[in-house]
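Structural overview
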Amino acid sequence: QQQVKQSPQSLIVQKGGIPIINCAYENTAFDYFPWYQQFPGKGPALLIAIRPDVSEKKEGRFTISFNKSAKQFSLHIMDSQPGDSATYFCAASTGNQFYFGTGTSLTVIP
Amino acid sequence: EAQVTQNPRYLITVTGKKLTVTCSQNMNHEYMSWYRQDPGLGLRQIYYSMNVEVTDKGDVPEGYKVSRKEKRNFPLILESPSPNQTSLYFCASSPLAGSSYEQYFGPGTRLTVT
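Residues numbered from 1 in each chain as written. Chains lettered and ligands numbered in written order. Predicted model: local features only at pLDDT ≥ 70, side-chain atom pairs only at ≥ 80, totals over all residues. Heavy atoms only, no water.

A few words now on the overall build of chain A. When helices and strands are counted, chain A shows zero helices and 11 strands. For chain A, whose C-alpha radius of gyration is 13 Å, the value lies close to the compact-globule estimate of 13 Å for 110 residues. Projecting the C-alpha coordinates of chain A onto the three principal axes gives extents of approximately 40 × 30 × 20 Å. Counting across all 110 residues of chain A, residues that qualify as buried make up 45%. (Helix = DSSP H or I, 4+ residues; strand = E, 2+ residues; numbered from the N terminus. Rg over C-alpha atoms; globule rule 2.2 N^0.38 Å. Buried < 20%, exposed > 50% of the residue type's maximum accessible area, 1.4 Å probe, protein only.)

See the structure below:
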């Protein structure tokens, strides 16, 4: 059973658009929600992370929105660029155990 | 350069032939973990280690073993590999155990079991 459900599976946007990737979870014990970015042939790299006591976090062009009551969180990429084309994974953690979503392949068209 | 290294990067083997994938980090991190990545399933945690001689099962530990005899090394052992263990494997480390710390991932090991 997938502990973290991620959608959409793939996303194509024009340069400058704002892709949004959504994730949902059920386990209220999760206390850390990171997003990872992965380029082909590379390992995932941390992009941004949030804890459930915060509703929004921004780092540069990347924003996480967190809705604790709905048990949902999402990644917004402002002013997307072709260099943002990658696979994005959301994750949730209870401490030492991590559960990842199934990934979203993002393509930003110039 | 601070990094997580994995060896080998690519491996093709046959069913039942024991193999070890090595993982090493040079950042003095306490926490290390192994994941497998499969299309449509994302990354799934196999085992993790909070420190030397302290390991625990992740979400999909069946068919795998680990050991943590030194802080920098965390090898993944497949004692009798089967075709359903064909996957892309990642090792990761973070400074301390607990969920508030960034995990640094290695470059991956692509394993094929025939």
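Here the narrative resumes, following the displayed structure.
Moving on, we get to the packing of aromatic side chains. Counted according to the given criterion, the structure contains 20 aromatic pairs over all chains. With 6.2 Å between their ring centres and 55° between their planes, Tyr25 of chain A and Phe73 of chain A make a pair best called tilted. With a gap of 48 residues between them, Tyr25 of chain A in strand β3 (residues 20–25) and Phe73 of chain A in strand β8 (residues 72–77) connect regions that are remote in the sequence. Residue Tyr25 of chain A shares its accessibility class with Phe73 of chain A, and that shared class is buried. Look at Tyr64 of chain B and Tyr89 of chain B: their rings are 5.9 Å apart centre to centre, the planes differ by 65°, and that puts the pair in the edge-to-face class. Of this pair, Tyr64 of chain B sits in the loop between β6 (54–57) and β7 (65–66) while Tyr89 of chain B sits in strand β9 (residues 87–94); the two residues are 25 residues apart in sequence, bridging distant segments of the chain. (Phe/Tyr/Trp six-rings, centres within 6.5 Å; stacked < 30°, edge-to-face > 60°.)

The next subject is the side chain of Gln37 of chain A. In this fold, Gln37 of chain A is placed in strand β4 (residues 33–38). Of the polar contacts made by the side chain of Gln37 of chain A, one reaches the side chain of Tyr88 of chain A; its length is 2.9 Å. (Polar contact = N/O pair within 3.5 Å; in protein donor to acceptor, adjacent residues only side chain to side chain.)

Once that is clear, we can look at the side chain of Ser74 of chain A. All names here are of chain A. In this structure, Ser74 sits in strand β8. By relative accessible area, which is 9% here, Ser74 ends up buried. Within the local environment of Ser74, its side chain forms a polar contact with the side chain of His76, the two groups lying 3.2 Å apart. When near neighbours in sequence (up to four residues on either side) are disregarded, Ser74 contacts Ile20, Ile21, Asn22, Trp35, Thr63, Ile64 and Ser65. (Contact = heavy atoms within 4.5 Å.)

Right, let's get into the layout of surface pockets. The volume enclosed by the largest pocket comes to roughly 550 Å³. Taken together, 27 residues form the lining of the largest pocket, with Gln38 of chain A together with Gln37, Pro39, Leu88 and Arg110 of chain B sitting closest to its centre. Those elements giving two or more residues to the lining of the largest pocket turn out to be β9 (86–93) and β11 (104–109) of chain A together with β4 (31–38), β9 and β11 (109–113) of chain B. Of all the elements, β9 of chain B adds the most residues to the lining of the largest pocket, at three residues. Within the lining of the largest pocket, the residues separate by chemical class into eight nonpolar, 15 polar and four charged. The computed volume of the second largest pocket comes to approximately 250 Å³. Those elements that place two or more of their residues in the lining of the second largest pocket are β5 (45–50) of chain A together with β10 (104–105) of chain B. The class makeup of the residues in the lining of the second largest pocket is nine nonpolar, five polar and four charged. (1 Å grid on protein atoms, 1.4 Å probe; cavity = no way out; pocket = protein on both sides within 12 Å on 5 of 7 lines; lining within 4 Å. Points joined across faces, edges and corners; volume = space filled by probe spheres on them. Nonpolar A, V, L, I, M, F, W, Y, C, P; charged D, E, K, R; others polar.)

Residues and elements named next belong to chain B. Pairing within the open sheet is antiparallel, and its four strands lie in the order β1-β3-β8-β7. Of all strands in the sheet, those bounded by a partner on one side alone are β1 (4–7) and β7. Pairing analysis gives three bridges linking strand β3 (residues 19–25) to strand β8 (residues 76–78), with the strands arranged antiparallel. Within β8, the position partnered with Val21 by the bridge is Leu76. (Pairing = 2+ DSSP bridges.)

Residues and elements named next belong to chain A. What the five strands build is an open sheet, ordered β1-β3-β8-β7-β6; its pairing is antiparallel. Strands at the two margins of the open sheet, each flanked by one partner only, are β1 (4–7) and β6 (56–59). This sheet shows a mean twist of 15° between the axes of neighbouring strands, independent of strand direction. (Axes fitted to C-alpha atoms, helices over the stretch in contact; angles between N-to-C directions.)

Limitation: the analysis is restricted to geometry and does not speak to function.
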